[in-house]
Amino acid sequence: MTFEEYAFARTSALVRLARLLTDDEHRAEDLVQEVLAKAYARWGRISRTDRPDAYVRRMLVNAHHSWWRRRSSREVSVAAVTDRAGAADEAAVVAERDALWRLVRELPRSQRTVIVLRYYEDLDDTSIAEILACSAGTVRTHAKRALATLRKRQEAPTPARTGEF
């Protein structure tokens, strides 16, 4: 598979993963562009691996972690919010999903990464471990701790969280 074929087939999935990791659509696109530029330079070696997609995903996760460590990256951009009329049920579903996503965003970086890769990217523990360069047991530990934290926080919301937008 050539780099162009790979990029054409996988860019949207990589942007989705980056979006979930960064929680910022524009930063996600920039991150994927940076990773694909690096992958292009190394494509000869990457394409010879058994799983080039896992390799590029790992590059993406590592690039996100490197970006997050820089102090200047602590800014969070917010798009203008527009109100739209909708069904009450739809609003409740969106509100519940938004509340859960806020809890996921508060998790430590490694736990959040595991949750995103497992539940949003639908990867198994072995694939996640390969991407994060750790053992499958470490992945399960991060997932278990993250889910316990999410359950605990979802059952007993704090006053600061209930009025937050």
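Residues numbered from 1 in each chain as written. Predicted model: local features only at pLDDT ≥ 70, side-chain atom pairs only at ≥ 80, totals over all residues. Heavy atoms only, no water.

A. Looking closely at the packing of aromatic side chains. Taken as a whole and assessed by the stated rule, the structure comprises four aromatic pairs. Their ring planes at 35° and their centres at 5.0 Å tell us that tyrosine 6 and tryptophan 43 sit as a pair that is tilted. Pair noted here: tyrosine 6 is in helix α1 (residues 3–22) and tryptophan 43 is in helix α3 (residues 43–47), with a separation of 37 residues, a long-range link. Just as tyrosine 6 is buried, tryptophan 43 falls in that class too. Taking the centre distance of 5.5 Å and the plane angle of 80° together, the rings of tryptophan 101 and tyrosine 120 count as edge-to-face. Of the two residues, tryptophan 101 is situated in helix α5 (residues 88–105) and tyrosine 120 in helix α6 (residues 109–120); the sequence distance between them amounts to 19 residues. Three or more aromatic residues link up through ring pairs in this structure, and these residues are Phe3, Tyr6, Tyr40 and Trp43. (Phe/Tyr/Trp six-rings, centres within 6.5 Å; stacked < 30°, edge-to-face > 60°. Helix = DSSP H or I, 4+ residues; strand = E, 2+ residues; numbered from the N terminus. Buried < 20%, exposed > 50% of the residue type's maximum accessible area, 1.4 Å probe, protein only.)

B. Seen up close, unusual backbone geometry. A positive phi angle, near 60°, is found at aspartate 23, a position not held by glycine. Within the fold, aspartate 23 resides in the loop between α1 and α2 (25–41). In this structure, alanine 133 takes a positive phi of about 55° despite not being glycine. Position of alanine 133 relative to the elements: it lies in the loop between α7 (125–132) and α8 (136–155).

C. Quick peek at α7. Taken residue by residue, α7 has Asp125, Ser127, Ile128, Ala129 and Ile131 as its buried positions. Just past α7, the residue alanine 133 takes up positive phi, approximately 55°.

D. Seen up close, a positive patch on the surface. Taken together, Lys38, Arg42, Arg45 and Arg48 make up a surface patch of like positive charges. Position of arginine 42 among the secondary structure elements: in the loop between α2 and α3. Since its relative accessible area comes to 36%, arginine 42 is described here as partly exposed. (Patch = residues over 30% accessible without salt bridge, like charges linked within 9 Å, V, L, I, M, F, W, Y side chains within 5 Å. Areas by Shrake-Rupley, 256 points an atom, 1.4 Å probe, with all protein chains shown as cover. Salt bridge = Lys/Arg side-chain N within 4 Å of Asp/Glu carboxyl O. Lys, Arg positive; Asp, Glu negative; His and termini not counted. Charge placed at Lys NZ, Arg CZ, Asp CG, Glu CD.)

E. Structural view of the packing of α1 against α6. Their axes nearest at 10 Å, the elements α1 and α6 cross at an angle of 140°. In terms of orientation, α1 lies oblique with respect to α6. Between α1 and α6 the crossing geometry is right-handed. Judged by residue contacts, Arg16, Leu17, Leu20, Leu21 and Thr22 of α1 engage Arg112, Thr113, Val116, Leu117 and Tyr120 from α6. (Axes fitted to C-alpha atoms, helices over the stretch in contact; angles between N-to-C directions. Parallel < 35°, antiparallel > 145°, perpendicular 65-115°, else oblique. Left-handed = near helix turned anticlockwise from the far one by under 90°. Contact = heavy atoms within 4.5 Å.)

F. Representation of the pattern of salt bridges in the model. Counted according to the given criterion, the structure contains 12 salt bridges. Its salt-bridge partner being arginine 105, residue aspartate 23 comes within 3.0 Å of it at the nearest N-O pair. Note that aspartate 23 is positioned in the loop between α1 and α2 and arginine 105 in helix α5, a separation of 82 residues in sequence. For aspartate 53, the salt bridge is made with arginine 57, and the minimal N-O distance between the two is 3.5 Å. Taken together, the residues aspartate 53 and arginine 57, both in helix α4 (residues 52–69) and four residues apart, mark about one turn of the helix. Judged by its relative accessible area of 10%, arginine 57 is buried. Shared partners join several salt bridges into a network, and the residues in it are Arg10, Arg16, Asp53, Arg57 and Glu121.

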